[in-house]
Amino acid sequence: MEVNPAFPAKTLPEFIAYAKAHPGEINMASAGPGSIQHVCGELFKIMAGVDLVHVSYRGVPPALADLMADACM
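Predicted model only: the values in this text are computed from it and were never measured.

**Q** I tried to follow the nonpolar core on my own but got confused; where do I start?
**A** Across soluble globular proteins, you tend to see nonpolar side chains buried next to one another. Of all hydrophobic cores here, the largest spans 10 residues; its members are Phe-7, Ala-9, Phe-15, Ala-19, Ile-26, Met-28, Phe-44, Ala-48, Val-50 and Leu-52. Only helix 1 (12-21), strand 1 (26-30) and helix 2 (36-48) provide two or more residues apiece to this core. Non-local contacts of Val-50, meaning those with residues more than four positions away in its chain, are made with Ile-16, Ala-19, Lys-20, Phe-44 and Lys-45.

This is the structure we're talking about:
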């Protein structure tokens, strides 16, 4: 799991608590529908009981580029 350094949660329990307090407001990137990132993200959503919005990219590099671009702003 990777998050923007500016994200308010710094640990996994903090992330889960934040996601539960803000359902549907956090995006989850993957390398595309059915990719391992997508499937693992969906499993995480179920196990943690959180509502994340799936954003599909054409591979991992574009998703990481967007994550890093947000961190540099």
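Further notes follow.
**Q** Would you mind going over a nonpolar patch on the surface with me for this structure?
**A** A cluster of nonpolar side chains, contributed by Met-1, Val-3 and Leu-12, occupies part of the molecular surface with about 300 Å² of accessible area. Tracing the sequence through the fold places Val-3 in the segment before helix 1. With relative accessibility at 36%, the residue Val-3 sits in the partly exposed group.

**Q** In this structure, what is going on with the confidence of the model for the protein chain? I would like to understand it.
**A** Caution applies to low-pLDDT parts of the model: their predicted coordinates are not meant to be read in detail. For the protein chain, mean pLDDT is 90; residues scoring 70 or higher make up 95% of the total. The secondary-structure element of the protein chain with the lowest mean pLDDT is helix 3 (residues 60-72), recorded at 76, while helix 1 shows the highest, at 97.

Conventions and cut-offs
- Residues numbered from 1 in each chain as written.
- Predicted model: local features only at pLDDT ≥ 70, side-chain atom pairs only at ≥ 80, totals over all residues.
- Heavy atoms only, no water.
- Core = buried A, V, L, I, M, F, W, Y, C linked by side-chain atoms within 4.5 Å.
- Buried < 20%, exposed > 50% of the residue type's maximum accessible area, 1.4 Å probe, protein only.
- Helix = DSSP H or I, 4+ residues; strand = E, 2+ residues; numbered from the N terminus.
- Contact = heavy atoms within 4.5 Å.
- Patch = residues over 30% accessible without salt bridge, like charges linked within 9 Å, V, L, I, M, F, W, Y side chains within 5 Å.
- Areas by Shrake-Rupley, 256 points an atom, 1.4 Å probe, with all protein chains shown as cover.
- Salt bridge = Lys/Arg side-chain N within 4 Å of Asp/Glu carboxyl O.
- pLDDT = per-residue confidence, 0-100.

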